[in-house]
Amino acid sequence: MEKIISQLNEKKIFFESLIQKTKVALKKSPDEGHLRVGRPKGKPQYFQMTQKGDTNGRYLCQKRPELKALTMRLAQRDYNLKLLKNCEAWEKAINLFLKAAPGECPEEIFTNCPARRDLIKPAVLSDSEFIKNWQNTPFKGKTFDSTDIGFLTNRGERVRSKSEKIIADRLNFLGIPYRYEAPVKLKMSVRTILLHPDFTILNKRTRKEIIFEHFGLADDPEYAVSMVKKINLYLLNGYVLGETLLFSQETDTVPLDTRVLDKLLAPLCG
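Procedures and definitions
- Residues numbered from 1 in each chain as written.
- Predicted model: local features only at pLDDT ≥ 70, side-chain atom pairs only at ≥ 80, totals over all residues.
- Heavy atoms only, no water.
- 1 Å grid on protein atoms, 1.4 Å probe; cavity = no way out; pocket = protein on both sides within 12 Å on 5 of 7 lines; lining within 4 Å.
- Points joined across faces, edges and corners; volume = space filled by probe spheres on them.
- Helix = DSSP H or I, 4+ residues; strand = E, 2+ residues; numbered from the N terminus.
- Nonpolar A, V, L, I, M, F, W, Y, C, P; charged D, E, K, R; others polar.
- Phe/Tyr/Trp six-rings, centres within 6.5 Å; stacked < 30°, edge-to-face > 60°.
- Buried < 20%, exposed > 50% of the residue type's maximum accessible area, 1.4 Å probe, protein only.
- Lys NZ or Arg CZ within 6 Å of the ring centre and 35° of its normal.
- Patch = residues over 30% accessible without salt bridge, like charges linked within 9 Å, V, L, I, M, F, W, Y side chains within 5 Å.
- Areas by Shrake-Rupley, 256 points an atom, 1.4 Å probe, with all protein chains shown as cover.
- Salt bridge = Lys/Arg side-chain N within 4 Å of Asp/Glu carboxyl O.
- Lys, Arg positive; Asp, Glu negative; His and termini not counted.
- Charge placed at Lys NZ, Arg CZ, Asp CG, Glu CD.
- Pairing = 2+ DSSP bridges.
- Axes fitted to C-alpha atoms, helices over the stretch in contact; angles between N-to-C directions.

Caption draft 1: Focus on the layout of surface pockets. Volume-wise, the largest pocket comes out at about 490 Å³. Around the largest pocket, the lining comprises 19 residues; the ones closest to its centre are Glu164, Asp198, His214, Gly216 and Tyr223. Those elements that place two or more of their residues in the lining of the largest pocket are helix H5 (162-174), strand E10 (209-215) and helix H6 (221-236). The element contributing the most residues to the lining of the largest pocket is H6, with four residues. Partitioning the lining of the largest pocket into residue classes produces five nonpolar, six polar and eight charged.

Caption draft 2: Seen up close, the packing of aromatic side chains. This structure, assessed with the given rule, holds nine aromatic pairs. On the basis of an interplanar angle of 5° and a centroid distance of 5.9 Å, the ring pair of Phe15 and Trp90 is categorised as stacked. Residue Phe15 is found in helix H1 (residues 2-28), and its partner Trp90 is found in helix H2 (residues 65-100); the two are separated by 75 residues along the sequence. Judged by its relative accessible area of 46%, Trp90 is partly exposed. Measuring from ring centre to ring centre gives 6.5 Å for Phe215 and Tyr223, while their planes differ by 75°; the resulting arrangement is edge-to-face. Looking at Phe215, the relative accessible area reads 4%, which means it is buried. Every member of this aromatic cluster is reached through a ring pair, and the members are Tyr178, Tyr180, Phe199 and Phe212. A cation sits over an aromatic face here: Arg160 above Phe144, 4.0 Å from the ring centre.

Caption draft 3: Region of interest: empty space enclosed by the protein. For the structure on display, the rule yields one cavity of 30 Å³ or more. Considering only enclosed or pocket space, the largest cavity measures out at about 40 Å³ in volume. Lining the largest cavity, in full, are Ser29, Pro30, Glu32, Arg73, Leu74 and Arg77. Taken together, the residues of the lining of the largest cavity sort by class into two nonpolar, one polar and three charged.

Caption draft 4: Structural view of a negative patch on the surface. The grouping of Asp219, Asp220, Glu222 and Asp252 at the surface amounts to a negative patch. In this structure, Asp252 sits in the loop between strand E11 (245-249) and helix H7 (258-265).

Caption draft 5: A look at the pattern of salt bridges. Going through the model one piece at a time under the given rule, you end up with 13 salt bridges. With its nearest N and O atoms 2.7 Å apart, the salt bridge here joins Glu66 to Arg64. Here Arg64 falls in the partly exposed class, since its relative accessible area comes to 42%. Between Asp262 and Arg170 there is a salt bridge; the shortest N-O distance is 2.7 Å. Of this pair, Asp262 sits in helix H7 while Arg170 sits in helix H5, and the two are 92 residues apart along the sequence. Taking the relative accessible area as the measure of exposure, Asp262 reaches 29% and is therefore partly exposed.

Caption draft 6: Expanded view of the sheet that holds E11. Taking strand neighbours across the sheet as the criterion, the four strands line up as E6-E9-E10-E11 in an open arrangement whose pairing is mixed. Each of the sheet's edge strands pairs with one partner strand only, and the pair in question is strand E6 (178-180) and E11. If you compare each strand with its neighbour and ignore which way they point, the axes differ by 20° on average. One ladder, built from five bridges, connects E10 with E11; its direction is parallel.

Caption draft 7: Up close: unusual backbone geometry. A positive phi angle, near 60°, is found at Ser189, a position not held by glycine. Along the chain, Ser189 turns up in the loop between strand E7 (184-188) and strand E8 (191-195). Residue classification places Ser189 among the exposed positions, given a relative accessible area of 73%. Of note, Arg207 is a non-glycine position whose phi angle comes to about 65°, a positive value. Examined against the element boundaries, Arg207 turns out to sit in the loop between strand E9 (199-202) and E10.

Structure below.
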């Protein structure tokens with residue numbers, strides 16, 4: 001609910017801005033009547049309507065430049081008038097909703113009763129509570145071999161490469177919740193397999209999980225084949241590239257580009 005309130009306030013600002021812009025545009029455009037569109041032979045014909053009770057109007061021949069320009073002005077003014085009416089109706093509806101809405105959102109009922117939290121199973125959690133629960137959910141990740149060097153992230157967890165440390169630290173810096181190598185079950189033909197994607201990250205706005213894989217040896221032919229198979233497997237299991245599936249890559253001569261990483265993560269910030 002707090003998301004809805006926030007989104008409505010954003011929409012209110014949007015409509016207020018649009019109303020002002022439309023009023024300015026209408027003030028600059030003279031009232032020359034309105035446009036009527038007829039289709040006597042299947043093709044549109046335009047008429048200028050200025051007199052009350054006149055059902056025909058003045059025919060605007062589109063072969064004459066001055067009449068074509070007038071047609072465009074009338075069409076634009078009609079559009080702006082309709083847009084203004086629509087935006088004002090939306091603004092009014094949003095104001096009425098915000099005025100009538102309870103001061104406390106459903107998710108805040110649980111947050112605002114700390115002494116009773118241990119006694120209650122909430123029907124809906126606030127974003128902060130949901131993120132906290134998601135982040136603290138235990139899982140069994142992949143084990144490290146004795147030969148794995150490992151790198152420690154700023155959060156104090158062990159990852160397998162420098163690039164994964166860069167990604168983990170960037171996620172942490174941007175405030176994007178993530179799990180490292182959390183298991184995910186995928187369908188492969190008639191069987192179910194268990195994968196451990198590099199990162200499972202949480203979209204805080206939608207509360208949807210996103211798989212983030214980093215492919216660090218993209219120039220190795222055998223590795224590249226495995227990379228393509230893995231991406232295809234995710235896609236066949238319903239993941240959507242750019243929405244619920246993200247990946248970065250590097251080669252021996254082209255390292256991880258943090259500018260690209262930031263562009264991938266930008267929609268998840270805030």
